[in-house]
Amino acid sequence: MKLPEAFLNRMKTMLGDEEYESFLRACSGNPVRGLRINPMKITREEFEASAPFPVRRVPWVENGYIYPEDVRPSLHPYYSAGVYYLQEPSAMTPGDRLDIGPGDTVLDLCAAPGGKATQLAAKLLCAGEGGLLVANEISNARAKALLRNLELFGARNFLVTNERPDRLAAAFPLFFDKILIDAPCSGEGMFRRQPDVADAWSEEKVRKLARVQRQILEEGYRMLRPGGQLLYSTCTFSPAENEENIADFLADHPDITLIPIRPYEGFAEGRPDWVTRDLPESRLATLRRCIRIWPHRMEGEGHFLALMKKEDDGSGERVEGSEFPRRSRKSERKNPPAGRNERASRGGVGRKESRRTRQGEKKNGNPEDFRTFLDEMEIRLPEGRIEIRGERVYLLPDLPEEALHLNFLRCGVCLGELKKNRFEPAHQFALILSRETCGACLEFSPGDRALASFLAGGTVRFDGTEAQRQGGAGAPVPGWNLVLAGRFPVGWGKYADGVLKNKIPQSWRIEP
Ligand code: SAM
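Residues numbered from 1 in each chain as written. Predicted model: local features only at pLDDT ≥ 70, side-chain atom pairs only at ≥ 80, totals over all residues. Heavy atoms only, no water.

### Examining helix α6 (residues 140-153)
Point 1. Its 14 residues give α6 an end-to-end C-alpha distance of 20 Å, which sits within 8% of 20 Å, the value for a rise of 1.5 Å per residue.
Point 2. Inspection of α6 places Ala143, Leu146, Leu147, Asn149, Leu150, Glu151, Leu152 and Phe153 among the buried residues, and these make up the whole buried set.
Point 3. Just past α6, the residue Gly154 takes up positive phi, approximately 80°. (Helix = DSSP H or I, 4+ residues; strand = E, 2+ residues; numbered from the N terminus. Expected span 1.5 Å × (residues − 1). Buried < 20%, exposed > 50% of the residue type's maximum accessible area, 1.4 Å probe, protein only.)

Set out below in structure tokens:
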């Protein structure tokens, strides 16, 4: 791989001759392949006992694993079940080091395609009841990929917005307990995985992106509540996009301090000596609290992390200019039973969908059909508010009024559609359920060929042959079945007369 001359010269100056040589060797090595398991679905112990290919732990990340080059985890049914997300190990670090508490309001400001958002969504759910993840992405096409990945992971308390950071900041002043800014960057840590990123690199691009990042940090500041934490990360090495930006941010905001990040022996410290911005010595020195992940020191492609806290001036409990005050939101949260408290009021849908409904789309559906479906399938819904908009049924988190003025793709989970005389469950509904919360489950062993064919869009015949029984599938019930790979839902099937029809949407199918 040919790396840009100006990049190499700068790296040599930054690292010195000896370290530069080992950096160069790492750049020509193989990229590290990683996956992060979904703690909403599986424990480390269970995954290690049942992993379908060899894995070893990423030693500094809670749920991270490294797998061999010749394995394709995206083709295994566990991928279709959202049991893991593919992500190289250093990219797992920011989400791992941002602590999430029960009921937190969390923002992932530059979130697509969702590597870190899926991690934060899982942490929020595992932390306890409630809370909200706003996952924002400025590019519409990338926001769609973000939504899909959150759905695949079985996330629930989320809002996917497609906004500019300044518009988001106007809607959510001093709102979030935790903010992740995984900023767009020159991607110097991506060079060995994606050589085209190296081709597109230039010094001018570094300078331009540094300005964009600094502006995004400013919008993040406006949304961070007093006492809240903001984690800034990039996958690049240039000081301009990293320490320089943080130094500038600290200089402009005396109420922001860098706080230590949970250490690991392979991490390198941030470098105050690479900063040109004037800053009091004591504050400049705190840049050592930043983390640099270098590919020649660790099994990762490279990342920069800065964890910061906004001083708590006591105003954080009541958010001025926001109708979503922390206290009342947490104490008033109720978990209405499914089927009750259904209101065709606000939220739950993206802009386009709500416009359609306003224009008076024909309604066939009867909410009773949804309740009947839940009863017949013996489904226990997770926490959330049920809302019916037009023909669609949603499971919603608590949502602040401000969100409704934004462009958003989805709030919460679309459970399905009310059709004439029946309820038709959505694919993502399957992904938030489990063997424990749904009675009508049809379990295949993960290695069953019939399951692979089902995931690719095929039907399954149940003719009672020996081969079928050896395949490990259970017995389907007439009508809807939640199809499982092992104990993990992968989608819906509908059974009649010995045939299980495939209800996995075309775009979700996996061709082997
Ligand atoms: N956090 C993501 C993940 O883990 O999958 C990766 C985010 S990527 C490094 C940065 C994202 O910022 C891109 O999706 C890009 O579209 C978005 N972006 C680009 N320009 C932006 C801007 N001016 N403001 C906000 N986001 C921007």
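### Side note on the nonpolar core
Point 1. If you look at the biggest cluster of nonpolar residues, it comprises 46 residues, and the most contacted ones within it are Phe172, Ile181, Met223, Tyr232, Ile246 and Met308.
Point 2. For Met223, the residues in contact, after removing those within four places along its chain, are Leu107, Leu109, Pro165, Leu168, Ala169, Phe172, Leu174, Phe175, Phe176 and Ile179.
Point 3. If you look at the next biggest cluster of nonpolar residues, it comprises 35 residues, including Trp60, Ala117, Ala121 and Ile261. (Core = buried A, V, L, I, M, F, W, Y, C linked by side-chain atoms within 4.5 Å. Contact = heavy atoms within 4.5 Å.)

### Things to note about the layout of surface pockets
Point 1. Taken as a whole, the largest pocket encloses approximately 1200 Å³ of empty space.
Point 2. Elements with a contribution of two residues or more to the lining of the largest pocket: β4 (84-86), α5 (115-127), α8 (195-199) and α9 (203-223).
Point 3. Considering each element in turn, the lining of the largest pocket owes the most residues, three residues, to α5.
Point 4. Its residues assigned to classes, the lining of the largest pocket comprises 24 nonpolar, ten polar and twelve charged. (1 Å grid on protein atoms, 1.4 Å probe; cavity = no way out; pocket = protein on both sides within 12 Å on 5 of 7 lines; lining within 4 Å. Points joined across faces, edges and corners; volume = space filled by probe spheres on them. Nonpolar A, V, L, I, M, F, W, Y, C, P; charged D, E, K, R; others polar.)

### Some remarks on the sheet that holds strand β18 (residues 422-425)
Point 1. On the basis of which strands lie adjacent, the open sheet formed by four strands has the order β14-β15-β17-β18 and antiparallel pairing. Where the open sheet ends on each side, the last strands, each with one partner, are β14 (385-389) and β18. Across the sheet, the mean angle from the axis of one strand to that of its neighbour is 30°, orientation sign disregarded.
Point 2. Two elements, strand β15 (residues 392-396) and strand β17 (residues 413-419), share four bridges in a ladder whose sense is antiparallel. (Pairing = 2+ DSSP bridges. Axes fitted to C-alpha atoms, helices over the stretch in contact; angles between N-to-C directions.)

### Focus: empty space enclosed by the protein
Think of a ball as big as a water molecule: rolled over the atoms, this probe shows where empty space is left.
Point 1. Under the criterion given, the structure shown has two cavities of 30 Å³ or more.
Point 2. What lines the largest cavity is simply Phe23, Ala26, Cys27, Glu188, Gly189, Phe191, Arg192, Phe237, Pro295 and Glu301.
Point 3. Its volume calculated, the second largest cavity comes out at about 40 Å³.
Point 4. As for the second largest cavity, its lining consists of Ala121, Leu124, Leu125, Ala155, Arg156, Asn157 and Phe158.
Point 5. Here the lining of the second largest cavity takes three residues from α5, the largest share from any one element.
Point 6. Looking at side-chain class alone, the lining of the second largest cavity contains five nonpolar, one polar and one charged residues.

### Some thoughts on the packing of aromatic side chains
Point 1. Enumeration over the complete set of coordinates arrives at 29 aromatic pairs.
Point 2. Taken together, a centroid distance of 6.2 Å and an interplanar angle of 90° make the contact between Phe23 and Trp294 edge-to-face. Placement of the pair is Phe23 in helix α1 (residues 5-27) and Trp294 in the loop between β12 (291-293) and β13 (303-310), with a sequence separation of 271 residues. In this structure, Phe23 and Trp294 share a single accessibility class: buried.
Point 3. Put simply, the rings of Phe7, Phe23, Phe191, Trp201, Phe237, Trp274 and Trp294 pair up and form one aromatic cluster. (Phe/Tyr/Trp six-rings, centres within 6.5 Å; stacked < 30°, edge-to-face > 60°.)

### A word on the site of the ligand
Point 1. Taken together, 16 residues lie around the ligand, and Pro113, Gly115, Glu137, Arg142 and Asp182 are the ones closest in.
Point 2. One of the backbone nitrogen or oxygen atoms of Pro113 is found 3.3 Å away from an oxygen atom of the ligand.
Point 3. Contact distances for the ligand include 3.1 Å between an oxygen atom and a backbone N or O atom of Gly114.
Point 4. For the ligand, the protein covers 80% of the area, taking 610 Å² as the surface of the free molecule.
Point 5. Counting residues per element, the ones that place at least two in the shell around the ligand are α5 and α9.
Point 6. Residue classes in the shell around the ligand are distributed as ten nonpolar, two polar and four charged. (Near = heavy atom within 4 Å. Polar contact = N/O pair within 3.5 Å; in protein donor to acceptor, adjacent residues only side chain to side chain. Areas by Shrake-Rupley, 256 points an atom, 1.4 Å probe, with all protein chains shown as cover.)

Such coordinate-based values are descriptive only and should not be taken to indicate function.
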